[in-house]
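Chains, contacts and geometry: an overview
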Amino acid sequence: MEFYQYTLEVATPLNQRSSRRALTGLLIREGNGVGCVQPWPELGDAPMEEQLQALRSGKDTPLIRAARTCAALDSSWRQQGVSAFQGRIIPESHATLVEPCLERVNEAKALGFQSVKVKGTPSLLAKLLEESSLPLRLDFNETLGAEGVREFLASLPDSARRCIDFIEDPCPYDSDKWCQLHQATGCQLALDRQASRAKEGGFQILVVKPAIDDLATMSNLIFQQALPFVVTSYMDHPIGQLYAAYQASVLAERFPQQFLTCGLATHGLFEGLTFAECLGSGPRLASPGGTGLGFDTYLQKLPWQTI
């Protein structure tokens, strides 16, 4: 196995639990296939050095397991000389914004996005909800308590509350508290990173991240509970983003009735990713062409290191 360590630069931190403007990750290569390992320690992942040490010792983490699955698929496609997206349709995505302001929402609308996912403080989001012409998906990354969520929603006029598509991770997951919160507010709640506890209920929408989730487990949950779900990237390298897009296309075919607009179009959050321009700027991620997940020439030129 080989690896390449990369850094992605952002103008604004991407997570309310993170102040980082430089995000470090790994591309791994097995055979001809590549996968992506980009940890978010703020959200519970083992940090980069531990991920690299696990790779060196032949151990797995959720990120490494998913990246190796990705690399195996990618290797097969590249050996056959075909694109991962041959005969497939990449589903549409919401716009992902880190600046909760009307100008950015209007820019997204002009590009054809039908909904927006946004993070921010309750005061900024309250203002945006009153102004936005698109439905908003709010993500608090568990930074509020249940009572804080109630107070935030109670402060909104009815028109602003109707603008909320759903709220992702409003507060730390507790099935009883989330159930009460949904019943009290009428807002749909989306659960992320808690697949092992999802059978406890209390939420209405499941967030699926192919970069870290066991997709067989997630598929069983979706099937058994008839759960609406959203497939998103991990705000990682475009290789990881494209793997999420491939899996989204598979899940869209399998569960068309429960499948909601994705969160795959995240490459625009990063600065200096000139090679990612071929992914497009609208709601439907474009295939970069080439074999497998694409970027053939870019990947060939990287200074790969042996693990």
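Summarised in this report is the structure supplied together with it. (Residues numbered from 1 in each chain as written. Predicted model: local features only at pLDDT ≥ 70, side-chain atom pairs only at ≥ 80, totals over all residues. Heavy atoms only, no water.)

Strand S7 (residues 164-168) sits mainly inside the fold: four of its five residues count as buried. Strand direction decides the pairing type here: S7 and strand S8 (residues 189-191), joined by two bridges, are parallel. Directly across from Glu 168, in S8, lies its bridge partner Ala 190. Taken together, S7, helix H7 (residues 175-185) and S8 constitute a β-α-β crossover, and its handedness is right-handed. (Buried < 20%, exposed > 50% of the residue type's maximum accessible area, 1.4 Å probe, protein only. Helix = DSSP H or I, 4+ residues; strand = E, 2+ residues; numbered from the N terminus. Pairing = 2+ DSSP bridges. Right-handed = clockwise from strand over helix to strand, strands pointing away.)

Let's shift gears to the packing of helix H2 (residues 62-80) against helix H9 (residues 238-254). For the pair H2 and H9, interaxial distance at closest approach is 11 Å and the crossing angle is 80 degrees. When the axes of H2 and H9 are compared, the pair comes out roughly perpendicular. Contacts between H2 and H9 pair Ala 66, Thr 69, Cys 70, Leu 73 and Trp 77 from the former with Tyr 243, Tyr 246 and Gln 247 from the latter. Among the residues forming the contact of H2 with H9, the class breakdown is six nonpolar, two polar and no charged. (Axes fitted to C-alpha atoms, helices over the stretch in contact; angles between N-to-C directions. Parallel < 35°, antiparallel > 145°, perpendicular 65-115°, else oblique. Contact = heavy atoms within 4.5 Å. Nonpolar A, V, L, I, M, F, W, Y, C, P; charged D, E, K, R; others polar.)

Let us now look at the layout of surface pockets. Looking at the largest pocket, its volume works out to about 510 Å³. In terms of lining, the largest pocket is formed by 22 residues, of which the most central are Thr 96, Leu 97, Arg 104, Gly 268 and Leu 269. Contributions of two or more residues to the lining of the largest pocket are made by strand S4 (95-97) and helix H3 (102-110). Considered class by class, the residues forming the lining of the largest pocket number 10 nonpolar, eight polar and four charged. (1 Å grid on protein atoms, 1.4 Å probe; cavity = no way out; pocket = protein on both sides within 12 Å on 5 of 7 lines; lining within 4 Å. Points joined across faces, edges and corners; volume = space filled by probe spheres on them.)

A few words on the packing of helix H5 (residues 146-154) against H7. The N-to-C vectors of H5 and H7 enclose an angle of 10 degrees; their axes lie 11 Å apart at closest approach. For the element pair H5 / H7, the angle class is roughly parallel. On the side of H5, the interface is formed by Ala 146, Val 149, Arg 150 and Leu 153, while H7 contributes Gln 180, Leu 181, Ala 184 and Thr 185. Classifying every residue of the contact of H5 with H7 gives five nonpolar, two polar and one charged.

Quick look at the sheet that holds strand S9 (residues 205-208) now. With respect to topology, seven strands assemble into an open sheet ordered S4-S5-S6-S7-S8-S9-S10, the strand pairing being parallel. With partners counted over all chains shown, the strands left at the sheet margins are S4 and strand S10 (229-231), one partner each. Going across the sheet, the axis of each strand differs from the next one's by a mean of 25 degrees, ignoring polarity. Contacts from helix H8 (residues 215-225) reach S9 and S10 within the one sheet, and its direction differs from that of S9 by about 165 degrees.

Here we take up empty space enclosed by the protein. All told, the structure shown has two cavities of 30 Å³ or more when counted by the stated rule. For the largest cavity, the calculated volume is near 170 Å³. Taken together, 18 residues line the largest cavity, and the ones lying closest to its centre are Lys 117, Lys 119, Lys 209, Ser 233 and Met 235. Here the lining of the largest cavity is composed, by residue class, of four nonpolar, eight polar and six charged. The wall of the second largest cavity is formed by Cys 36, Ala 66, Ala 67, Cys 70, Pro 210, Ala 211, Asp 236, Gly 240 and Tyr 243.

The next point concerns the side chain of Asp 45. Of note, Asp 45 is situated in the loop between strand S3 (33-37) and helix H1 (48-56). From its side chain, Asp 45 meets the backbone nitrogen of Trp 40 in a polar contact 2.7 Å long. At 2.9 Å, the side chain of Asp 45 and the side chain of Arg 193 are in polar contact. Here Asp 45 is in contact with Gln 38, Pro 39, Trp 40, Gln 51, Leu 63, Arg 193, Ile 212 and Tyr 234, once residues within four sequence places are set aside. (Polar contact = N/O pair within 3.5 Å; in protein donor to acceptor, adjacent residues only side chain to side chain.)

Take the side chain of Ser 219 next. With respect to the helices, strands and loops of the structure, Ser 219 is situated in helix H8. Taking the relative accessible area as the measure of exposure, Ser 219 reaches 6% and is therefore buried. Residues contacting Ser 219, with those up to four places away along its chain left out, are Leu 251, Arg 254 and Phe 255.

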